[in-house]
Amino acid sequence: MDLAGKRVIVTGGSGFLGTKVLATLRGRGVADANMFVPRSADYDLTDQTQTAAMYRAAFGSDKADAVLHLAAEVAHRARRHARTRRNHLRLPQVHAHPL
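Computed from a predicted model, the values in this text were never measured in an experiment.

1. So, the pattern of salt bridges
Summed over the entire model, instances satisfying the criterion amount to one salt bridge. Two residues, R26 and D32, come together in a salt bridge whose shortest N-O distance is 2.5 Å. Under the relative-accessibility criterion, R26 is labelled partly exposed at 43%.

2. Quick word on the environment of Y43
As for its position among the elements, Y43 is in the loop between β2 (35–36) and α2 (48–59). Judged by relative accessible area, which is 17%, Y43 ranks as buried. Measuring from C-alpha to C-alpha, the distance between Y43 and M54 comes to 6.7 Å, with eleven residues separating the pair along the chain. Contact partners of Y43, with chain neighbours within four places excluded, come to F36, P38, Q50, A53, M54 and A57.

3. A closer look at the side chain of T11
Take T11: it is sitting in strand β1 (residues 8–11). You can call T11 buried: its relative accessible area is 3%. Polar side-chain contacts of T11 include one of 3.3 Å to the backbone nitrogen of A71. Ignoring anything within four residues of it in the chain, the contact list for T11 reads P38, L45, L68, H69, L70 and A71.

4. Remarks on α2
Taken as a whole, α2 has its buried residues at T51, M54, A58 and F59. Projected down its long axis, α2 shows its buried positions confined to an angular sector of 85 degrees, all on one face. Opposite the packed face of α2, turned more than 90 degrees from it, sit the exposed residues T49 and R56. Against the buried residues of α2 lie β1 and β2. Of the residues that open α2, the one with a side-chain oxygen 3.0 Å from the backbone nitrogen of T49 is D47. Directly beyond the C-terminal end of α2, a positive phi value near 65 degrees is found at G60.

How each quantity is defined
- Residue positions are counted from 1 within each chain, in the order its sequence is given.
- The model is predicted, so local features are restricted to residues of pLDDT at least 70 and side-chain atom pairs to those at 80 or more, both for listing and for counting; the totals for chains, interfaces and linings are taken over all residues.
- Only hydrogens and water are removed before side-chain values are computed, so all heavy atoms of the structure are retained for them.
- A pair is scored as a salt bridge if a Lys or Arg side-chain nitrogen falls within 4 Å of a carboxyl oxygen belonging to Asp or Glu.
- Only protein chains enter the accessibility calculation, which uses a 1.4 Å probe. A residue is then buried if its area is under 20% of the maximum for its type, exposed if over 50%, and partly exposed in between.
- Think of it this way: any DSSP run of H or I at least four residues long counts as a helix, any run of E at least two long counts as a strand, and we number them from the N terminus.
- Residues count as neighbours in contact if any of their non-hydrogen atoms are within 4.5 Å of one another.
- Polar contact is the term for a pair of N or O atoms within 3.5 Å; when the atoms are in protein, one must be able to donate a hydrogen and the other to accept it, and sequence-neighboring residues count only if both atoms are side-chain atoms.
- Working note: the arc is built from the helix axis to C-beta atom directions.

Structure (structure tokens):
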């Protein structure tokens, strides 16, 4: 599949898996200018308003061709694990489609 020219949002792009996925996307022809990696310092992806702002900031009036959601909170303690699970259950529903 030719990915050249595709616009891709990669949440968690600075994490362990995300860095590998970004490298793979580059290898498949996706230009750095066509990859948007939102940072948790800038967007709270459990907040629908901030998630919508992230989508608008990604490519302006153009839409992303794909969103790869790899972001996660790593749970180190039981209390944090419960919050992480609750946050992931609140993420907006996104329907995947092939590139």
